[in-house]
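Structural characterization, general
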Amino acid sequence: MLSERINRIQPSPTLTISAKAKAMRAAGEDVISFDVGEPDFDTPEHIKEACIRALRDGDTKYTAAAGTPQLREAICRKLKRENKLEYAPDQIVVSCGGKHSLYNIFQSILNPGDEVIIPAPYWVSYPDQVLLADGVPVFIQASQEQGFKITPQQLADCLKAHPRAKAIVINSPSNPTGAVYPPAALRELCQVLENYPNVLIISDEVYEHMVYAPNQQWSVASYNEEFQARTILVHSFSKTYSMTGWRLGWTSSSKELASAMAKLQSQSTSNPTSFAQAGGVAALDGPINTDMLGEFEHRGKVIRELLKDVPGFTCIRPEGAFYAFPKVDGIFGVMVDRNTQINSASDLAAYLLRAAKVAVVPGEGFGAPAHLRFSYATSEHLMKEGINRILQVLPE
Ligand SMILES: Cc1ncc(COP(=O)(O)O)c(C=O)c1O
């Protein structure tokens, strides 16, 4: 009954674990969550107010498929103010979230068999979305020892070996690793890409505001005009403004690609929710919650220290976003109780949920089978309690 296409992909592993943890909690169990990829802060009041006002004022009808002129103009102002990049409103396509934007991109640029270079560890949805668009994901491995960042040489070798590469995905700050490419490292990657002018660059910058000093955010679209023209920027309201449930994101790209993606939306989802877009304008024109960002930076230091003390784990310090990504293969092969041997990250995550009531996401879905992802969108007190529970159920 089902299509060959739908059978190519897996359900999102992060959402699967979260569903399990939620079900345990609903059954009265006291689960500590390191699994959710969303800030534990509420959407700021002024954004909610703008949305409520829009609802009251009857802003409840279809909008242009690519988003309201007001929001697209606010996005252009933001890109100019914060990113020093000039875009016109017809280069912007507002979508139902960064994930939806990425879906639009792959559907609009890939022909069957086209390859997309994805540095691993990667965010779970990239490969599956490429597969859904009849493309072929090609991975470059970036180990913990190299700070989870690919090198220019690795990129050059990959591009040489894959003449069908249509695009590369760059995600900095990264989910799941928390790595942030320094501007100089990104410039070196751009130098390699200069030799491959037909390769598009998909720059997923949904965590752009979550960068811890002295690390710095920089976009490959800033390299030069030619790079801006071949880069597709992916942004989201979800993380910066704690608006995950609102489902609002956008792309900034060439006009040609923007109108292709608007056409796709016009035949699929139509516009993102009208009153959510009104909230989006207030978000972009208002202040950013720097307290939240400071809190994540603090927690990043705390969790790294806590994880360092877990036997069999090694962990480098997150540079941005809100994820720690320890290597945990020191536990592989170990009998953790009479009947349970841990042979993979998935085994370990399942054991921690069962024995310690701690939810973490195993690395397999991120292309990193020796790692676990800890989201620290949870209070310091609960982080300490969670790591304590882990220490209690693992052998010393
Ligand atoms: C790297 C990355 N890109 C894109 C997204 C999509 O975010 P949303 O669809 O909520 O805008 C996420 C969400 O977790 C992410 O971590």
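Calculation rules
- All residue numbers refer to position in the chain's written sequence, counted from 1.
- Reporting of local features is limited, given that this is a predicted model, to residues whose pLDDT is at least 70; pairs of side-chain atoms are given and counted only at 80 or more, and all residues count toward the totals for whole chains, interfaces and linings.
- Each helix corresponds to a stretch of at least 4 residues labelled H or I by DSSP, and each strand to a stretch of at least 2 residues labelled E; elements are numbered beginning at the N terminus.
- All radius of gyration figures rest on C-alpha atoms, and the globule criterion is 2.2 Å times the number of residues raised to 0.38.
- Counting other C-beta atoms within 10 Å of each residue's C-beta, where C-beta atoms are placed from the backbone, gives the exposure class: buried for 20 or more, exposed for 12 or fewer, partly exposed between.
- Think of a nonpolar core as buried Ala, Val, Leu, Ile, Met, Phe, Trp, Tyr and Cys residues, each tied to the set through C-beta atoms within 7 Å.
- Segmentation of the chain into domains, including their bounds, is taken from an automatic or database domain assignment.
- When DSSP finds two or more bridges between two strands, those strands count as paired.
- Axis lines are fitted through C-alpha atoms, for helices just across the contact stretch, and the angle between N-to-C directions can take any value from 0 to 180 degrees.
- Placing C-beta atoms from the backbone, we regard two residues as in contact once those atoms come within 7 Å.
- Each residue is assigned to one of three groups, with Ala, Val, Leu, Ile, Met, Phe, Trp, Tyr, Cys and Pro labelled nonpolar, Asp, Glu, Lys and Arg labelled charged, and all others, Gly among them, labelled polar.
- Oblique is the label for every angle not falling under 35 degrees (roughly parallel), over 145 degrees (roughly antiparallel), or within 65 to 115 degrees (roughly perpendicular).

A short note on the overall build of the chain
Helix and strand counts for the chain come out as 14 helices and 14 strands. Whereas a compact globule of 396 residues would reach a radius of gyration of roughly 21 Å, the chain reaches 21 Å, a difference of no more than 12%. Dimensions of the chain, computed from C-alpha atoms along their principal axes, come out at roughly 60 × 55 × 55 Å. Counting only residues that meet the buried cut, the chain has 48% of its 396 residues in that class.

A word on the nonpolar core
Core analysis: the largest hydrophobic core is formed by 117 residues, its most contacted members being L348 and V360. With 7 residues, helix α11 (residues 274-285) is the largest single contributor of residues to this core. For this core, the two domains that each supply at least three residues are domain 1 (4-30 + 290-393) and domain 2 (45-285).

Some points on the sheet that holds strand β7 (residues 231-236)
Read from one edge of the open sheet, 7 strands run β2-β8-β7-β6-β5-β3-β4, paired in mixed fashion. The strands lining the two open edges of the sheet, one partner per strand, are β2 (92-95) and β4 (136-141). Taken pair by pair, the neighbouring strands of this sheet meet at an average axis angle of 20°, ignoring direction. When strand β5 (residues 165-171) meets strand β6 (residues 200-204), the two strands line up parallel, connected through 5 bridges. When the sheet's bridge partners are listed, V169 is paired in β6 with I202. Contacts between helix α5 (residues 98-109) and the sheet are confined to β2, β5, β6, β7 and β8 (249-252), with β8 contributing the most and set at about 40° to the helix.

Overview of unusual backbone geometry
In the segment running from A120 into P121, the intervening peptide bond is cis, with an omega of 0°. Counting through the fold element by element, P121 comes out in the loop between β3 (115-120) and α6 (125-132). Positioned with a positive phi, R247 is a non-glycine residue whose angle comes to about 55°. Within the element layout of this structure, R247 appears in the loop between β7 and β8. Notably, K357 is not glycine yet its phi reads approximately 55°, a positive angle. Tracing the chain through its elements places K357 in the loop between α13 (345-356) and β12 (358-359).

Some words on the domain arrangement of the chain
Domain boundaries assigned for the chain yield domain 1 (4-30 + 290-393) and domain 2 (45-285). When each unit is reduced to the centre of its C-alpha atoms, the spacing between domain 1 and domain 2 is 26 Å. Across the boundary between the two partners, domain 1 contributes 28 residues, which contact 25 residues of domain 2. Among the secondary structure elements, those contributing two or more residues to the side of domain 1 that touches domain 2 are α2 (13-26), α12 (290-308) and β9 (323-324). Counting residues per element, the side of domain 1 that touches domain 2 draws most heavily on α12, which supplies 4 residues. By residue class, the composition of the side of domain 1 that touches domain 2 is 13 nonpolar, 9 polar and 6 charged.

Digging into the sheet that holds β9
Ordered by their spatial adjacency, 3 strands build an open sheet running β9-β14-β13, and the pairing between neighbours is antiparallel. The open sheet has two edge strands with one neighbour each: β9 and β13 (361-362).

Things to note about the packing of α5 against helix α10 (residues 255-266)
Between α5 and α10, whose axes approach to 9 Å, the crossing angle comes to 110°. As summarised for this structure, α5 and α10 are arranged roughly perpendicular, according to the angle between their axes. For the pair α5 and α10, contact is made by N104, I105, Q107 and S108 and by L257, A260, M261, L264 and Q265, respectively.

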